[in-house]
Amino acid sequence: SQQPLSYNPERARRKQRTVKGSLGGALLLVVVLGGVGALVMARRIGNRTSEGGVPISHTPPSEAWDGSTTLTCTNNQRVSLKGKTITATASPAIQASGNCRLTLDGVNLETKLDAIAVSGNATVTIVGGRYLVGGLALQLSDNGKVDIAQSYVELQGGSPARFAAATNNAKLSLQGTRILAPGRALALFHMSDSAQATMTSGGVESGGGEGGRASITVHCARTCRLSGTDLRGATITSTGATQATVQ
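The rules behind the values
- Residues numbered from 1 in each chain as written.
- Predicted model: local features only at pLDDT ≥ 70, side-chain atom pairs only at ≥ 80, totals over all residues.
- Heavy atoms only, no water.
- Pairing = 2+ DSSP bridges.
- Helix = DSSP H or I, 4+ residues; strand = E, 2+ residues; numbered from the N terminus.
- Axes fitted to C-alpha atoms, helices over the stretch in contact; angles between N-to-C directions.

### A word on the sheet that holds strand S5 (residues 85-88)
Thought 1: The strand order across the open sheet formed by 6 strands is S5-S8-S11-S14-S17-S20, and the pairing between neighbours is parallel. Looking at the sheet topology across the chains shown, the edges are occupied by S5 and strand S20 (203-206). The mean angle between the axes of side-by-side strands here comes to 10°, regardless of whether they run parallel or antiparallel.
Thought 2: As defined by bridge partners, strand S8 (residues 108-111) adjoins strand S11 (residues 130-133) across 4 bridges and the pair is classed as parallel. What sits directly across from Thr 111, in S11, is Val 133.

### Quick notes on unusual backbone geometry
For residues that are not glycine, phi is negative in most cases, and the peptide bond is trans in most cases.
Thought 1: A cis amide bond links Ser 91 with the next residue in sequence, Pro 92, at an omega value of -5°.
Thought 2: The residue Pro 92 is located in the loop between S5 and strand S6 (94-96) in this model.
Thought 3: In this structure, Pro 160 follows Ser 159 across a cis peptide bond, with omega equal to 10°.
Thought 4: Looking at the secondary structure, you find Pro 160 in the loop between strand S14 (152-155) and strand S15 (161-166).
Thought 5: The residue Asn 99 is not glycine, and still its phi comes out positive at about 65°.
Thought 6: Tracing the sequence through the fold places Asn 99 in the loop between S6 and strand S7 (101-105).
Thought 7: A positive phi angle is found at Gln 150, which is not glycine, with a value near 55°.
Thought 8: Inspection of the secondary structure assignment puts Gln 150 in the loop between strand S13 (145-149) and S14.

Any link to function would need more than the numbers given here.
Here is the structure:
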């Protein structure tokens with residue numbers, strides 16, 4: 001027959017220590033795994049909410065923009081605005097700087113003030129769209145770059161109306177774009193320092209010059225080229241230009 005098991009205090013204490021050690025190890029493992037899981041989740045969320053170090057909201061600022069404030073693109077951001085119609089009351093309406101890459105695709109913008117300012121290695125690409133501007137249409141500086149294709153720009157203010165002013169190695173390129181200044185003389189380009197402008201296969205029309213003739217002024221310290229551009233019989237006056245050419 002089996003002998004009754006006698007109570008052994010030392011053996012009971014060892015079992016108790018073993019159970020406590022197992023529970024403590026399991027608890028530590030849970031804590032460690034929980035921390036790792038939280039870190040992985042944080043990184044996943046960070047990846048979803050960051051692109052190039054720039055936070056991305058569920059509704060991009062460009063989509064919510066209504067023109068009451070300046071649309072700002074900066075710090076390596078990539079911003080795209082497509083098919084919007086905006087009446088802007090802030091000046092400038094749009095500002096790009098700090099290596100920003102901004103694309104305006106089929107945007108219709110109306111403002112009585114300045115429209116677009118570009119600086120600090122930012123690049124703005126404008127494709128299509130209609131821009132009705134009361135102030136300066138484009139202000140470029142500090143390596144800012146603007147490329148415009150197949151757009152329509154009407155300058156509705158100023159005497160003369162001003163399309164683009166640039167300085168410090170800024171670059172402006174226009175292709176297939178029409179620029180109108182109804183009833184006004186037009187200061188098309190005012191490019192200082194090493195800024196450059198090129199316009200191909202577009203059209204420029206102004207009024208309000210001497211005797212009612214169209215008057216277009218091009219001021220370039222370095223290079224301005226208008227190639228294959230319909231100037232509607234305007235008289236071009238180049239001032240301060242060393243390499244200004246009209247072809």
